[in-house]
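Working through the structure, step by step
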Amino acid sequence: MTAQAPAKRLYIKTYGCQMNVYDSERMADVLAPLGYGLTDTPEGADLVVLNTCHIREKATEKVYSELGQIKRLKDKADGAMTIAVAGCVAQAEGEEILRRQPAVDLVVGPQAYHQLPELIARAHRARGERLAAEFAADEKFDALPIARNPSGVTAFLTVQEGCDKFCTFCVVPYTRGAEWSRPVEAILAEARDLAAKGVREVTLLGQNVNAYAGEGGLAGLVRRLAQIEGLDRIRYTTSHPRDMDEALIAAHGEVEALMPYLHLPVQAGSDKILKAMNRGHTAEGYLRLVEKIRAARPDIALSGDFIVGFPGERDADFEATLQLVREVGYGSAFTFKYSRRPGTPAAALPGQVAEEVKEERLARLNALIEAQQRAFNAAQAGRVLPVLFEKPGRHPGQLVGRSPYLQAVHADAPDRLIGRIVPVRIESASRMSLAGALELEPA
Ligand code: SAH
Ligand code: SF4
Ligand code: F3S
């Protein structure tokens, strides 16, 4: 007879990109055998994990203010709470976290969270002794259980980590390390497990997912995944224009499960700025690439990331960004003011742009992108789109799902359609979502 371990409450707060969302889920998987079950508030939690992001200054500062609040909860619980900081801030400034917030018990970088059970045990044995785990590189995935615990009909699946591109503004190569790809078989095993548990759509993740270097490259992987029974939709993010090879472009034209929506960040439209960013391509090169992709898959929609106010960006450079956006026509995009990150080459460049100028450029770029997004959504009205229903909507009798273009779609539909891909006639559109009606009553 073994005594049942008492249920322990685990609270995880996730910042940053989808790779952190994936990692948070996997941390929960690693901790479940120790008796930890997820809770959605930090009050009364036995273990609090902040999975952090270092990409911009604001993201980093949020972590320290959140830690201040968690510390008060820990004090209220007479110290009966373990606080762990994971993710990219942990990797980049673990020592500083421990110095600035003494309530933190351990910091663990993104490549080392498979060691969490052992780190927690050590932290408990030696109360007050605080621990830091550094890069353990590729052992991480080998140490994780294959079995996932998906929370819905869509799931993230990390296939690649790290970055060798060294864009001059970016911390990722320093927080996530060198590019590294998981073997095809491990990914297929994880995907089969997800599909068996009802997942219909996977989004393959990587800081440079199209640099995937496993056998057959990303195109080969996509083709293998498309053969898995039940897995009807495949997406991937984030891709770099430099790694968009012919095989992957061809797959967009040939693999039905590969959704016609591509996140392909360009960051800026001025060749001078692209060069200073070390992006490794020109604006013209990007436009030609988009043309090729559209030739392979004419109905593909694009999204992107943009940075305004990179050091040295003059009005004419910013105008070139607007011009590129007009030429491409995006379905949606993320826009950011340049944030000066310690240790990155761009932080030391002359010609840092004033905050008001960044604000003004961001507002102009956002207005243009919002208009494109509205137009793109409005263009769906009257069309019939296949929608993967994910969950109940806000109104009774309504479900929410996703179009092939990742738009949220609301429609009156019975619950049994959750997890099904169903034709929906789109009737109206706003900037953020679509609404429609079932085209036919499915069996
Ligand atoms: N690997 C991806 C991007 C990962 S970071 C790619 O190369 O496309 C996500 C986005 O954050 C970037 O595309 C960029 O637009 C933005 N970003 C990264 N560093 C930044 C910084 N220092 N300031 C502002 N935005 C930044
Ligand atoms: Fe950062 Fe550039 Fe790597 Fe993307 S490609 S993660 S922006 S260094
Ligand atoms: Fe942030 Fe790290 Fe992702 S810095 S954007 S959480 S890779």
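Analysis parameters
- Residue numbers run consecutively from 1 along every chain, following the written order of its sequence.
- Naming scheme: in the order in which they are written, chains are lettered from A and ligands are numbered from 1.
- Per-residue local features of the predicted model are confined to residues with pLDDT of at least 70, and side-chain atom pairs are confined, for both listing and counting, to 80 or more; whole-chain, interface and lining totals are unaffected and use all residues.
- Excluding hydrogens and water, the side-chain figures rest on all heavy atoms present in the structure.
- Note on definitions. A residue lies near a molecule or strand when any single heavy atom of the residue is within 4 Å of it.
- When residue character is reported, Ala, Val, Leu, Ile, Met, Phe, Trp, Tyr, Cys and Pro are called nonpolar, Asp, Glu, Lys and Arg charged, and the others, Gly included, polar.
- Strands are labelled as partners when DSSP assigns at least two bridges between them.
- Note on conventions: DSSP H or I runs of at least 4 residues are helices, E runs of at least 2 residues are strands, and numbering of each starts at the N terminus.
- Axis geometry follows a simple rule: fit a line to the C-alpha atoms, using only the stretch in contact for helices, then measure angles between N-to-C directions, giving values from 0 to 180 degrees.
- In this scheme, patches are assembled from residues that exceed 30% relative accessible area and form no salt bridge. Like charges are connected within 9 Å, while nonpolar side chains (Val, Leu, Ile, Met, Phe, Trp, Tyr) are connected within 5 Å.
- Each accessible area is a Shrake-Rupley result for a 1.4 Å probe, and residues are judged covered by the shown protein chains and nothing else.
- Salt bridge, as applied in this entry: a Lys or Arg side-chain nitrogen positioned within 4 Å of an Asp or Glu carboxyl oxygen.
- Just so you know, the count uses Lys and Arg for positive and Asp and Glu for negative, and it drops His and the chain ends.
- By convention, the point assigned to a charge is CZ for Arg, NZ for Lys, CD for Glu and CG for Asp.
- Accessible area is worked out with a 1.4 Å probe on protein chains only. A residue is then buried under 20% of its type maximum, exposed over 50%, and partly exposed in between.
- Any pair of N or O atoms that falls within 3.5 Å is considered a polar contact. Within protein, one atom must be able to donate a hydrogen and the other to accept it, and sequence-neighbouring residues count only if both atoms are side-chain atoms.
- Each domain's extent is set by a domain assignment, obtained either automatically or from a database.
- Put simply, buried area is how much 1.4 Å-probe accessible surface two parts lose in total, over both of them, once they are put together.
- Only buried residues count toward a nonpolar core, which is a set of Ala, Val, Leu, Ile, Met, Phe, Trp, Tyr and Cys residues joined through side-chain atoms within 4.5 Å.
- Only heavy atoms enter the contact rule, under which two residues are in contact if any of them lie within 4.5 Å.
- Stacked, edge-to-face and tilted are the three classes for Phe, Tyr and Trp ring pairs, Trp counted by its six-membered ring, which pair at centre distances within 6.5 Å; planes under 30 degrees apart are stacked, over 60 edge-to-face, the rest tilted.
- Lysine NZ or arginine CZ positioned within 6 Å of the ring centre and within 35 degrees of the ring normal marks a charge as sitting over the ring.

Within the structure, ligand 3 sits among C17, N20, T52, C53, H54, I55, C88, R176 and Q207. Looking at the shell around ligand 3 residue by residue, the classes come out as 4 nonpolar, 4 polar and 1 charged.

Either a parallel or an antiparallel arrangement is found when strands of a sheet pair, and the pairing is made through backbone hydrogen bonds. Within the closed barrel, the 5 strands sit side by side as β15-β16-β17-β19-β18. Their pairing is mixed. Pairwise comparison of adjacent strand axes, ignoring direction, gives a mean angle of 55° for this sheet. Relative to strand β19 (residues 433-438), strand β18 (residues 421-429) runs antiparallel, the two being bridged by 5 bridges. In the strand pairing of β19, A429 is matched with L434.

On the surface, D271, E284, E291 and E327 cluster together into a patch of negative charge. Among the structural elements, D271 can be located in helix α10 (residues 271-276). Taking relative accessible area as the criterion, D271 reaches 42% and is therefore assigned partly exposed.

Within the structure, ligand 1 sits among 15 residues, and F169, Q207, Q267, D305 and S339 are positioned closest to it. Contact distances for ligand 1 include 3.0 Å between a nitrogen atom and a backbone N or O atom of F169. When ligand 1 sits alone it has 540 Å² of accessible area, and the protein chains cover 89% of it. Of all the secondary structure elements, the ones that give two or more residues to the shell around ligand 1 are β13 (301-308) and β14 (332-337). Class assignment for the residues of the shell around ligand 1 results in 6 nonpolar, 4 polar and 5 charged.

How big an interface is tends to be stated in terms of accessible area lost as the parts join. The assigned domain composition of the chain is domain 1 (8-135), domain 2 (146-259), domain 3 (260-379) and domain 4 (384-438). Between domain 2 and domain 4, the C-alpha centre-to-centre distance is 25 Å. Of the roughly 750 Å² buried where domain 2 meets domain 4, counting both sides, 59% is carbon and sulfur surface. Counting the surface domain 2 buries against domain 4, the share from its top three residues, V153, R200 and R233, is 62%. The tally of links between domain 2 and domain 4 comes to 0 salt bridges. Across the side of domain 2 that touches domain 4, the residue classes break down as 2 nonpolar, 1 polar and 5 charged.

Residues L204 and L225 are the most contacted members of the largest nonpolar core, which totals 68 residues. Viewed by domain, this core spans two of them, domain 2 (146-259) and domain 3 (260-379), each represented by three or more residues. The contact partners of L204, leaving out residues within four places of it in the chain, are L157, V159, V209, L218, L221, V222, L225, I234, R235, Y236 and T237. One finds I12, Y22, V49 and A112 within the second-largest nonpolar core, a separate group that totals 24 residues.

This paragraph deals with the pairing of strand β17 (residues 408-412). Here β17 lies mainly inside the structure; 4 of its 5 residues are buried. Where strand β16 (residues 398-402) and β17 come together, 5 bridges link them in antiparallel fashion. Residue pairing in the sheet places L399 in a bridge with A411 of β17. The antiparallel hairpin formed by β16 and β17 contains 5 residues in its connecting segment, where L406 sits at a positive phi of about 70°.

A separate point is the packing of aromatic side chains. One pass over the structure, following the stated rule, counts 5 aromatic pairs. Taking the centre distance of 6.4 Å and the plane angle of 85° together, the rings of F169 and F310 count as edge-to-face. Taken together, the residues F169 in the loop between β8 (160-161) and α6 (172-175) and F310 in the loop between β13 and α12 (315-328) connect sequence positions 141 residues apart. Each member of the pair, F169 as well as F310, carries the same accessibility label: buried. Ring centres of F310 and Y338 lie 5.5 Å apart, and the angle between their planes is 70°; on these two criteria the pair is classed as edge-to-face. Of this pair, F310 sits in the loop between β13 and α12 while Y338 is found in the loop between β14 and α13 (355-378), placing the two residues 28 residues apart along the sequence. Connected via pairs of aromatic rings, a cluster forms that spans F169, F310 and Y338. The lysine or arginine in question, K8, covers the ring of Y36, its NZ or CZ lying 4.8 Å from the ring centre. Lying over the aromatic face of F336, R56 brings its terminal NZ or CZ to 3.7 Å of the ring centre.

Glancing now at the pattern of salt bridges. Applying the stated criterion to the full structure yields 31 salt bridges. Of the charged contacts in the structure, one is a salt bridge between R223 and E254, with a shortest N-O distance of 2.7 Å. Of this pair, R223 sits in helix α8 (residues 217-226) while E254 sits in helix α9 (residues 246-254), placing them 31 residues apart in sequence. Residue classification places R223 among the partly exposed residues on the basis of a relative accessible area of 33%.

As for its placement among the helices and strands, R26 is situated in helix α1 (residues 18-31). Overall, the relative accessible area of 1% leaves R26 in the buried class. For R26, the side chain forms a polar contact with the side chain of D29, separated by 2.7 Å. When sequence neighbours within four positions are dropped, the list of residues in contact with R26 reads Y113, L144, P145, I146, A147, R148 and E190.

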